[in-house]
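Below are the chains, spelled out letter by letter.
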Amino acid sequence: MDQQHLQGYFDYNATTPISKGVALSMQPIINLFANPSSPNRYSVNNRAVISQARENLAGLLGASSENIFFTSGGSEANNWAIKGVLFKHLSHPGHIITTSMEHASVLDTVKYCVERLGFSVTYLQPNIDGHISVADFESAIQANTQLATIMFANNETGAIQPIEQICKVAAEKAIPVHVDAVQFVGKRLVDVQQLGVDYLSLSAHKFYGPKGVGSLYIKDRDSIEPLIHGGGQEFSMRSGTENLVAMTGISIAADEAKKDLVFWDRHCFKLKQQMMTLLENSPIALTFNGATNYASALSNTLNISINGIRGEALALRMEMLHGFIISVGSACSNNKTKQLSHVLTAMGLTEEQVLGAIRVSFGCFTDEQQISRFVDALVTEVQQLLRISGSEPS
Amino acid sequence: MYNDIIIDNFSHPEFVGDLESADHQFEIGNPVCGDRIQMQVSLDGDSILDSRFRAWGCATSVAAANVFCRSIIGKSFAEVSARQTAEISAMLGELEPSQQHCVNILNELHRELSLAVSLEEG
């Protein structure tokens, strides 16, 4: 990716640019037309492409390749993990533990299982730092708890959850744990065996790979129902002729992440510290939402509430007048409702803090000059919005 | 997505501020989304001489306040009061469903102006 085109991009948690290596690797694969499941000689090579992709993903997660299953992305992986586990219990639907700050692909799937299939659910609430507590998790366990599904890192705040400790507690009660690691994989090291997770979702486009491909790590394939029945691909767990181009993309993205993520992480944490210092020394009144230290939050994410402004209005001025792309969790919905960030609301922020919040996320293509320019533009536009509202400092 | 009318009026709102001597001022707000607009108007006989606003809210509501000011300055009060809903809606261009509440804001600004001037005359 030409970095010139990424000067103003501060929304890496929504999606990352595709890396040059990934893009180049995918181009020749489009000509490999043979069906990998066919017995002919063209297909042999294509099967090798899939095997290599599975190996590379396994390498990134500290897993064995037979535990890696390709999906169309993170949402499919989350849906599969939850429904696939719970469908084993349809005759005796039990209890699920999740959190109130999950991605919609988890929250809506759990809601479906509760409303349509008779399961019950406990939603763990995050504290003001954006973390759930292991003690709360332990207290939520019931005799019939059949699944815990908890995100690794939150997409809005970057807050990292205590997954290893949760897995330990869950293992003592034989409760399977699914982890939505879509925002975590490619940013921090993951070792599924050390963590003790049973299922882990990831998505290529969050770590410089292509859209439309992700994966579900499954520790024990007998513990989960297949997602798609048919031709027997993906060890008969997710049938359908494979997308070699996408698999190559995620394969190279995983390989690059394995080699470079420690460097990327260090680079991002330096930028985060730089941005925090510049903002703290600026004239605008703001609060960082959620934990910001290295151990407790992702290095590339800052969620900021700015007093006296609407995040939505700031985001538009940043884009239209300076070319900076950021994200907001709250917006007008229609005449009767508004969409407030469910994550920040669950953390206990006031409505004004939630409406004044923006999310800034960056990555390996961001540099110090961009951070400085970004903060300059942010200060200018916050002051302009305060002037519009008549609440600028005198 | 925002249309060009919204982007132009939100990015460069030329009618932000306070009038030195306003003949009328009123405030409207949307209790659901929390948007607030304070409007000031000065008159010269039957005509609207000048108008300024302050706004806290989404981009579309700020733009609506600016569009309103520009649309009334130099016009007669009767002319502004005679505007129909369709004409007022068209002033903001094509809006996404999430931005439609700003048509209500614009309608309300017209209503409040009529009310303020009528009360004065009454």
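Structural notes on the overall build of chain B
(1) Moving on: Tallying secondary structure elements over chain B gives five helices and three strands in all.
(2) Moving on: Order of helices (α) and strands (β) in chain B, N terminus to C terminus: α-β-β-β-α-α-α-α.
(3) Moving on: Here the C-alpha radius of gyration of chain B, 13 Å, is about what a compact globule of 122 residues would show, namely 14 Å.
(4) Moving on: For chain B, the spread of C-alpha atoms along the three principal axes comes to 40 × 30 × 25 Å.
(5) Moving on: Considering chain B as a whole, with its 122 residues, one finds that 51% of them fall into the buried category.
(6) Moving on: For chain B, the exposed area adds up to about 5,700 Å²; of that, 48% sits on carbon and sulfur atoms.

Here we look at the nonpolar core
(1) Moving on: In terms of nonpolar packing, the biggest core is built from 69 residues, with A:Met275, A:Phe374, A:Leu378, B:Met39, B:Phe53 and B:Leu113 touching the most fellow members.
(2) Moving on: Residue contributions to this core peak at 10 residues, all from helix H13 (residues 368-389) of chain A.
(3) Moving on: In this structure, B:Leu113 is in contact with B:Phe26, B:Val41, B:Ile48, B:Phe68, B:Ile72, B:Phe77 and B:Val80, ignoring residues within four places of it in sequence.
(4) Moving on: Membership of the second largest hydrophobic core comes to 67 residues, among which are A:Ile132, A:Cys167, A:Leu200 and A:Ala204.

Details of the pairing of strand E3 (residues 120-124) of chain A
Every regular strand shows the same layout, with side chains that alternate between the two sheet faces.
All names here are of chain A.
(1) Moving on: Relative to E3, strand E2 (residues 95-99) runs parallel, the two being bridged by five bridges. Counterpart to Thr-98 in the pairing with E3 is Tyr-123.
(2) Moving on: Of the crossover connections in this fold, the one passing from E2 over helix H4 (residues 104-117) to the parallel E3 is right-handed.

Considering the side chain of B:Thr60
Residues and elements named next belong to chain B.
(1) Moving on: Here Thr-60 is to be found in helix H2 (residues 59-72).
(2) Moving on: A relative accessible area of 2% means that Thr-60 is categorised as buried.
(3) Moving on: Apart from residues no more than four positions distant in its own chain, Thr-60 is found in contact with Tyr-2, Ile-6, Leu-95, Gln-99 and Cys-102.

Here we look at the interface of chain B and chain A
(1) Moving on: The partner chain A presents 23 residues to the 25 residues of chain B that form the contact.
(2) Moving on: Buried area between chain B and chain A, summed over both chains or domains, comes out near 2,100 Å², and the portion from carbon and sulfur atoms is 60%.
(3) Moving on: Where chain B meets chain A, there are one salt bridge.
(4) Moving on: The shortest N-O distance in the salt bridge between A:Arg310 and B:Asp35 comes to 2.8 Å.
(5) Moving on: Along the contact surface separating chain B from chain A lie eight residue pairs in polar contact (both at pLDDT 80 or more).
(6) Moving on: Of all the secondary structure elements, the ones that give two or more residues to the side of chain B that touches chain A are helix H1 (4-11), strand E3 (47-56), H2 and helix H5 (101-121) of chain B.
(7) Moving on: Per element, the largest residue contribution to the side of chain B that touches chain A is four residues, and it comes from E3(B).
(8) Moving on: A per-class count over the side of chain B that touches chain A returns 15 nonpolar, eight polar and two charged.

Describing the pattern of salt bridges
Two side chains that carry opposite charge are able to pair once their charged atoms sit near each other.
(1) Moving on: Scanning the entire structure with this criterion turns up 14 salt bridges over all chains.
(2) Moving on: A:Arg359 is the partner of A:Asp11 in a salt bridge, and the nearest nitrogen-oxygen pair spans 2.8 Å. With A:Asp11 in the segment before helix H1 (20-26) and A:Arg359 in strand E12 (residues 357-361), the pair connects residues that are 348 residues apart, well separated along the chain. A single burial state applies to A:Asp11 and to A:Arg359, both of which are buried.
(3) Moving on: Across the pair B:Asp18 and B:Arg54 runs a salt bridge, and its minimum N-O distance is 2.8 Å. Here B:Arg54 lies in strand E3 and B:Asp18 lies in the loop between H1 and strand E1 (24-29), a separation of 36 residues in the sequence.

Definitions and cut-offs
Residues numbered from 1 in each chain as written. Chains lettered and ligands numbered in written order. Predicted model: local features only at pLDDT ≥ 70, side-chain atom pairs only at ≥ 80, totals over all residues. Heavy atoms only, no water. Helix = DSSP H or I, 4+ residues; strand = E, 2+ residues; numbered from the N terminus. Rg over C-alpha atoms; globule rule 2.2 N^0.38 Å. Buried < 20%, exposed > 50% of the residue type's maximum accessible area, 1.4 Å probe, protein only. Areas by Shrake-Rupley, 256 points an atom, 1.4 Å probe, with all protein chains shown as cover. Core = buried A, V, L, I, M, F, W, Y, C linked by side-chain atoms within 4.5 Å. Contact = heavy atoms within 4.5 Å. Pairing = 2+ DSSP bridges. Right-handed = clockwise from strand over helix to strand, strands pointing away. Buried area = accessible area lost by both parts, 1.4 Å probe. Salt bridge = Lys/Arg side-chain N within 4 Å of Asp/Glu carboxyl O. Polar contact = N/O pair within 3.5 Å; in protein donor to acceptor, adjacent residues only side chain to side chain. Nonpolar A, V, L, I, M, F, W, Y, C, P; charged D, E, K, R; others polar.

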